[in-house]
Amino acid sequence: MKQKRKKRDPRALHEETMLVFLKTLSSLKRKVSVSQVIAKIQAKEEALRTTRGIAVIKHLQKDGYIRLEGGVYPILAEKGHLYLESFAQRQKTHWDKRFRIILFESIHTTRNHREYMRKKIKEYGFMHLERGVWIYPYACDAFIHLLQLEYPLESPLTYIIAQDNETMLPVRKYFRLR
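Residues numbered from 1 in each chain as written. Predicted model: local features only at pLDDT ≥ 70, side-chain atom pairs only at ≥ 80, totals over all residues. Heavy atoms only, no water.

> Which residues make up the pattern of salt bridges, and what values go with them?
The final tally for this structure, using the stated rule, is five salt bridges. As a salt-bridge pair, Glu69 and Arg67 come within 3.9 Å of each other at their nearest N and O atoms. Residue class for Glu69 comes out partly exposed when judged on its relative accessible area of 28%. Taking the relative accessible area as the measure of exposure, Arg67 reaches 44% and is therefore partly exposed. Linking Glu115 and Arg118 is a salt bridge whose minimum nitrogen-to-oxygen distance equals 2.9 Å. Taken as a pair, Glu115 and Arg118 lie in helix H5 (residues 111–124) at a separation of three residues, close to a single helical turn. Judged by relative accessible area, which is 31%, Arg118 ranks as partly exposed. (Salt bridge = Lys/Arg side-chain N within 4 Å of Asp/Glu carboxyl O. Buried < 20%, exposed > 50% of the residue type's maximum accessible area, 1.4 Å probe, protein only. Helix = DSSP H or I, 4+ residues; strand = E, 2+ residues; numbered from the N terminus.)

> Any details on the environment of Arg172? Residues and values, ideally.
By secondary structure assignment, the location of Arg172 is in helix H7 (residues 169–174). Relative accessible area serves as the criterion here: at 16%, Arg172 is assigned to the buried category. For the pair Arg172 and Pro137, spaced 35 residues apart in sequence, the C-alpha to C-alpha distance is 8.4 Å. Setting aside its immediate chain neighbours within four residues, Arg172 contacts Trp95, Phe99, Asp164, Asn165, Glu166, Leu177 and Arg178. (Contact = heavy atoms within 4.5 Å.)

Here you go:
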């Protein structure tokens, strides 16, 4: 008996694919059409040759990472710039002896929204301290702003920057900090 092949959901894109498209768009010096962007990416990235470029562009546009000027020229939107900036911040490993703490109250939000927020925060690398409290040792301002853009009204996030002290020893061990 033949098994049905699952269709790939175009919205289920990997972060890497999204990142490659956004980085390519940000590196372009002039306006180019959607097909030119896709051709440039597929020529450069072996892994993306099978990716359906139009689906990726539509996904990025629908989620607000890019906008199409004149219906033809993809341009990074504010959310796209923030995504790239948060990725760049995540790559930095210099610790400035401060911890970033996120508090988010999830009383008035739906379960799906809470799960999405937790997933995104955990994926970024935050440590879960207790209910609604997450901590991270490196700068992540762009990521916080991006989260607030995703759900502007529903997610009252509180962002605190705290100095390191002796009580933070378990957190320092978790992140392997000295």
